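Working through the structure, step by step
Below are the chains, spelled out letter by letter.
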Amino acid sequence: MALFKKRTAGKPGEWFYCLEHKKVEEGPDCPGKDRFGPYPSRKEAEHAMQTARERNLEWENDARWNDGAGQGEGGDGSGGGND
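Residues numbered from 1 in each chain as written. Predicted model: local features only at pLDDT ≥ 70, side-chain atom pairs only at ≥ 80, totals over all residues. Heavy atoms only, no water.

Focus: the environment of P12
Looking at the element boundaries, P12 is found in the segment before β1 (15–18). The class for P12 is exposed, based on a relative accessible area of 79%. P12 sits 14 residues away from E26 along the chain, and the two C-alpha atoms are 7.2 Å apart. (Helix = DSSP H or I, 4+ residues; strand = E, 2+ residues; numbered from the N terminus. Buried < 20%, exposed > 50% of the residue type's maximum accessible area, 1.4 Å probe, protein only.)

Below, the structure is given as structure tokens:
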């Protein structure tokens, strides 16, 4: 007897966006690695990709995350060092 049952069906009202099938699903039909969610409404799940783009843009322009790390010495992207 298994201790934990795998949840095969979502709860009513849970909406996901499947990245593989590029469609909205009620309940987690696809693996977690292939979906965004849960969202409280179908409409929000339909806009999952736009929401992700907006959040990525915010993070890329956030000074707390854009501190020049990984750009090498001088912060000019050249990698620095003594060639």
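Things to note about the packing of aromatic side chains
All told, the structure shown has 0 aromatic pairs when counted by the stated rule. Its end group placed over the ring of F16, R35 keeps NZ or CZ at 4.7 Å from the ring centre. (Phe/Tyr/Trp six-rings, centres within 6.5 Å; stacked < 30°, edge-to-face > 60°. Lys NZ or Arg CZ within 6 Å of the ring centre and 35° of its normal.)

Concerning the nonpolar core
By size, the foremost hydrophobic cluster in this structure holds 6 residues: W15, Y17, V24, Y39, A45 and A48. Apart from the residues lying within four places of it in its own chain, the contact partners of A45 are W15, F16, Y17, V24 and Y39. (Core = buried A, V, L, I, M, F, W, Y, C linked by side-chain atoms within 4.5 Å. Contact = heavy atoms within 4.5 Å.)

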